[in-house]
Amino acid sequence: MRGPTLLVTLLITALINGCGSSDINSEPFQQSQLLALGTLVDVSLWDVDTAQANQAIHDIDTQLHDLHHNWHSWLPGRLHDINAALAKGQAIEINDVELKLLQQAQQLAESSQHLFNPAIGQLIDLWGFHSDTPEGPPPASAAIQKLLLLQPRMSNLSFDDHTLSSNNTAVQLDMGAFAKGYAVDQAIELLKQRGINNAIVNAGGDLRAIGQRGERPWRIGIRHPKQPGIIAALETQGDESVFTSGNYERFFEYNGQRYHHIIDPRSGHPGSEALAVTVIHNNAAIADAAATALLIAGPKNWHNIAQQMGIHEAMLIDNELTAHLTRAMAQRIQLQHNINTVIEEPS
Amino acid sequence: MIRTKILTSADIIVICAALVLLPWLYSHFWGDGSQGETARIQVADQTPMIIPLQHSQRYTFDGPLGSSIIEVQDGRIRFVESPCRNQLCVHSGWLQNDAEFAACLPNLISITIAGRNPRFDSINF
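All figures in this text were calculated on a predicted structure; none of them were measured in a lab.

Considerations on the overall build of chain A
Moving on, step 1. Each helix and strand counted, chain A has nine helices and 17 strands in total.
Moving on, step 2. For chain A, the spread of C-alpha atoms along the principal axes amounts to about 95 × 45 × 40 Å.
Moving on, step 3. When the 347 residues of chain A are sorted by exposure, 53% land in the buried category.
Moving on, step 4. Residue pairs at least 24 apart in sequence account for 61% of intrachain contacts in chain A once pairs closer than 6 positions are excluded.
Moving on, step 5. Working note: accessible area of chain A is about 15,000 Å², and carbon and sulfur atoms make up 47% of it.
Moving on, step 6. Mean positive and mean negative side-chain charge positions of chain A (21 and 36 charges, respectively) differ by 5 Å.

Structure (structure tokens):
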């Protein structure tokens, strides 16, 4: 073979051989999707035996369905029974898991200055969000004010060993801002107990990641709140949850106005000062509750509430699409758009 | 005196073919892989379906609320119709870049764009 022909042939061969390095099918990566918690749940696993992975996925599916049934905000289930007892002013026996979950929710409500307030189930129902297809119209102001005056709070609950009671019959629990995080935590704990240490559980967009993908960290994209695509990217470190609350998740439109599902317990109306809040924390339940509280707090007060809740890494996107970042978050995140940023310093 | 040709006709043909092939081979095998080439369609808890974005076509997927229509055109993909109330999925518009995502959560159907080397392992929203 002559020199030029040989050179060209070698070049083509080298280029074709290069494709082997990007063959993702050869990687020990598995991704399964479940229909659970009323949403799509992705479970991504790295380097796990197929039989072990299938068994773990099956068990997570069962676990999530049980949690969904027990903590559903408006369908009959355990939470429904607890709410019925609280409405009648009756005490009710709860188990270890329920005790732990409610006490954690009570502590988070306190540290968020009650911006995270799972006791306002009646208010959320009044807005029509105890439905798969909320459609409005928005409730009358008088009805909202009537419920606000009753001031249902998690601090109304008291625990006597495993007996739950409330000194306010207006308390109706809605764990929508907390249960998904708790469920993700439980799924990750199940994986860890099976010796699976490199995984992501993503429940309808909110996730907890453990370990990494081979030699590199898991890479997470945070969706833009106003358009398709990604607004920011980050790599997880060890064991971290990434939760976002946004005003685009559940809403209804009435007479041309949009009403989203995250209700401000102070005004009784949907929070209106921010588009989305993303929180990183090693506990998914805490990240879930904090993302809700910070969205309600809005750009003026979110950093103060984050500090009180022990949240160091958070980002708030305000209505003008300015990204407000904690100092720790600014060091972690790569914004994918040229948008204004404000870095909040600890007070 | 014997004259030796540096390039034969066969050499010229091979070199011309290579000049045509090399840019394609480079972009195909060594490109950044971030441009979406396929879309992963997930319907409820069924096995995901991978759709190439090179061929224009309409697909109909049945979820719990009814049928969602998804269109592929010019390397892009979008929800055209879906039976959900808010139509958030339809308003998401065209998706074409790696990791772009749209979902009709009420109808339990999601679209995720994937290049050969996906930039992200998971999307938070």
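Moving on from the model shown.
Brief notes about the overall build of chain B
Moving on, step 1. A tally of regular secondary structure across chain B gives two helices and eight strands.
Moving on, step 2. Taken from the N to the C terminus, the helices and strands of chain B come in the order α-β-β-β-β-β-α-β-β-β.
Moving on, step 3. Relative to its 125 residues, chain B shows a buried fraction of 42%.
Moving on, step 4. A separation threshold of at least 6 residues defines the contact pool for chain B, and within that pool the share at least 24 residues apart is 36%.
Moving on, step 5. Accessible surface, chain B as shown: approximately 6,700 Å² in total, 58% of it carbon and sulfur.

Brief notes about the sheet that holds strand β3 (residues 57-62) of chain B
Residue and element names in this part refer to chain B.
Moving on, step 1. Read from one edge to the other, the open sheet built from three strands follows the order β3-β4-β5, with strand pairing classed as antiparallel. Each edge of the open sheet carries a strand with a single partner, namely β3 and β5 (76-81). For this sheet, the mean inter-axis angle between neighbouring strands, taken without regard to orientation, is 25 degrees.
Moving on, step 2. Taken together, the five bridges between strand β4 (residues 67-73) and β5 define a ladder with antiparallel strand orientation. Across the sheet, Glu 71 pairs through a bridge with Arg 78, a residue of β5.

Describing the domain arrangement of chain A
Residues and elements named next belong to chain A.
Moving on, step 1. Taken domain by domain, chain A comprises domain 1 (8-66 + 178-344) and domain 2 (78-166).
Moving on, step 2. Using C-alpha coordinates to define each centre, domain 1 is positioned 26 Å away from domain 2.
Moving on, step 3. At the junction of the two partners, domain 1 supplies 28 residues and domain 2 supplies 27 residues.
Moving on, step 4. Both sides together, the interface formed by domain 1 and domain 2 hides about 2,400 Å², and carbon and sulfur atoms give 72% of it.
Moving on, step 5. It is Phe 178, Phe 252 and Pro 265 that lose the most area in domain 1 upon contact with domain 2, and together they represent 26% of the buried surface on that side.

A look at the packing of aromatic side chains
Residues and elements named next belong to chain A.
Moving on, step 1. Applying the stated rule across the entire model yields six aromatic pairs over all chains.
Moving on, step 2. Taken together, a centroid distance of 5.8 Å and an interplanar angle of 45 degrees make the contact between Phe 116 and Phe 178 tilted. Remark: Phe 178 occurs in the loop between β5 (163-166) and α7 (179-193) and Phe 116 occurs in the loop between α4 (96-111) and α5 (121-126); sequence separation between them is 62 residues. For the pair shown, Phe 116 and Phe 178 are each scored as buried.

Here's the deal with helix α2 (residues 50-71) of chain A
Residues and elements named next belong to chain A.
Moving on, step 1. Here α2 contains 22 residues, and its C-alpha end-to-end distance of 31 Å stays within 8% of the 32 Å for a straight helix at 1.5 Å per residue.
Moving on, step 2. Every buried residue of α2 is accounted for by Ala 53, Ala 56, Ile 57, Asp 59, Ile 60, Gln 63, Leu 64, Leu 67 and Trp 71.
Moving on, step 3. For α2, the secondary structure elements touched by its buried residues are β1 (29-36), β2 (39-46), α3 (78-87), α4 and α7.

A look at the environment of A:Ala330
Residue and element names in this part refer to chain A.
Moving on, step 1. Within the secondary structure, Ala 330 sits in helix α9 (residues 327-332).
Moving on, step 2. Between the C-alpha atoms of Ala 330 and Asp 125, which are 205 residues apart in sequence, the distance is 37 Å.
Moving on, step 3. Ignoring anything within four residues of it in the chain, the contact list for Ala 330 reads Leu 325 and Ile 343.

Quick word on the packing of α2(A) against α7(A)
Helix-helix packing: each pair is described by the crossing angle between the helix axes and the interaxial distance.
Residues and elements named next belong to chain A.
Moving on, step 1. One can describe the packing of α2 onto α7 by two numbers: an axis separation of 10 Å at closest approach and a directional angle of 155 degrees. By the angle class used here, α2 and α7 are roughly antiparallel. Two packed elements cross with a definite hand, and for α2 against α7 that hand is right-handed. The residues of α7 that touch α2, namely those facing Ala 56, Asp 59, Ile 60, Gln 63, Leu 64, Leu 67 and Trp 71, are Ala 179, Tyr 182, Ala 183, Gln 186, Ala 187, Leu 190 and Leu 191.
Moving on, step 2. Along the lines of polarity and charge, the residues of the contact of α2 with α7 split into eleven nonpolar, two polar and one charged.

Regarding the sheet that holds strand β17 (residues 341-344) of chain A
Residues and elements named next belong to chain A.
Moving on, step 1. Taken in spatial order, the nine strands make up an open sheet running β1-β2-β6-β7-β10-β13-β14-β15-β17, and their pairing is mixed. Only two strands of the sheet have a single neighbouring strand rather than two, namely β1 and β17. With direction set aside, neighbouring strand axes in the sheet form an average angle of 15 degrees.
Moving on, step 2. Relative to strand β7 (residues 206-210), strand β6 (residues 199-203) runs antiparallel, the two being bridged by five bridges. Residue pairing in the sheet places Val 201 in a bridge with Arg 208 of β7.
Moving on, step 3. Seen against the sheet, α7 touches β2, β6, β7 and β10 (239-246) and runs at an angle of roughly 25 degrees to β7.

Considerations on the side chain of A:Gln33
Moving on, step 1. Residue position: A:Gln33 is located in strand β1.
Moving on, step 2. Take A:Gln33: its relative accessible area is 10%, and that puts it in the buried class.
Moving on, step 3. Among the polar contacts listed, one links the side chain of A:Gln33 to the side chain of A:Asp42, at a separation of 3.3 Å.
Moving on, step 4. Side chain to side chain, A:Gln33 and B:Gln42 meet in a polar contact 3.3 Å long.
Moving on, step 5. Sequence-distant contacts of A:Gln33, defined by excluding residues within four places in its chain, comprise A:Leu40, A:Val41, A:Asp42, B:Arg40, B:Gln42, B:Asp45 and B:Ser110.

Notes on the state of the cysteines
Residues and elements named next belong to chain B.
Moving on, step 1. In total, this model carries zero disulfides over all chains according to the counting rule given.
Moving on, step 2. Its sulfur unpaired, Cys 89 is 3.7 Å from the next cysteine sulfur, which belongs to Cys 84.
Moving on, step 3. Unpaired in this structure, Cys 104 has its nearest cysteine sulfur neighbour in Cys 84, at a distance of 3.6 Å.

Digging into the confidence of the model for chain A
Moving on, step 1. The share of residues in chain A with pLDDT of 70 or more is 92%, and the mean pLDDT across the chain is 91.
Moving on, step 2. Below pLDDT 50 for its whole length, residues 16-25 of chain A participates in seven contacts with residues either more than four positions away or in separate chains.

What counts as what
- Per-chain numbering applies: the sequence of each chain, read as written, is numbered from 1 onward.
- Key to labels: chains lettered from A, ligands numbered from 1, both in the order written.
- At least 70 in pLDDT is required for a residue's local features to be given in this predicted model, at least 80 for side-chain atom pairs to be given and counted, and no such filter applies to totals for whole chains, interfaces and linings, which use all residues.
- By convention in this description, side-chain values take in all heavy atoms of the structure and omit both hydrogens and water.
- Per the convention used, a helix needs a DSSP run of H or I reaching at least four residues, while a strand needs a run of E reaching at least two, with both numbered from the N terminus.
- Buried means the residue's accessible area, taken with a 1.4 Å probe over protein chains only, is under 20% of the maximum for its type, while exposed means over 50%, and partly exposed covers the values in between.
- A contact between two residues is defined here by any heavy atoms of the two lying within 4.5 Å.
- The accessible surface values rely on the Shrake-Rupley method and a 1.4 Å probe; as for residues, cover is taken only from the protein chains in view.
- Counting rule for charge: Lys and Arg are taken as positive, Asp and Glu as negative, and neither His nor the chain ends is counted.
- Throughout, a charge is located at the NZ atom of Lys, the CZ atom of Arg, the CG atom of Asp or the CD atom of Glu.
- A pair of strands is treated as paired once DSSP finds two or more bridges between them.
- For helices, the fitted axis covers only the stretch in contact; all axes are lines through C-alpha atoms, and the angles between them, taken along N-to-C directions, range from 0 to 180 degrees.
- Segment limits for the domains were obtained from an automatic or database-derived domain assignment.
- In short, buried area is how much 1.4 Å probe accessible area vanishes from two parts on joining, totalled over both.
- In this scheme Phe, Tyr and Trp rings, the latter by its six-membered ring, pair at centre separations within 6.5 Å, and the angle between planes marks the pair as stacked below 30 degrees, edge-to-face above 60, and tilted otherwise.
- To estimate the expected span of a helix, subtract one from its residue number and multiply by 1.5 Å.
- Under this scheme an angle from 65 to 115 degrees is roughly perpendicular, one under 35 degrees roughly parallel, and one over 145 degrees roughly antiparallel; angles in between are oblique.
- When the near helix sits turned anticlockwise from the far one by under a right angle, the crossing is termed left-handed; a clockwise turn instead gives a right-handed crossing.
- Any residue outside Ala, Val, Leu, Ile, Met, Phe, Trp, Tyr, Cys, Pro, Asp, Glu, Lys and Arg is labelled polar, Gly included; the first ten of those are nonpolar and the last four are charged.
- For this analysis, a polar contact is any N or O atom pair within 3.5 Å, provided that within protein one partner can donate a hydrogen and the other can accept it, and provided that sequence-adjacent residues contribute only side-chain to side-chain pairs.
- The term disulfide is used for any two cysteine sulfur atoms that are within 2.5 Å.
- For every residue, the pLDDT score states the predictor's confidence, bounded by 0 at the bottom and 100 at the top.

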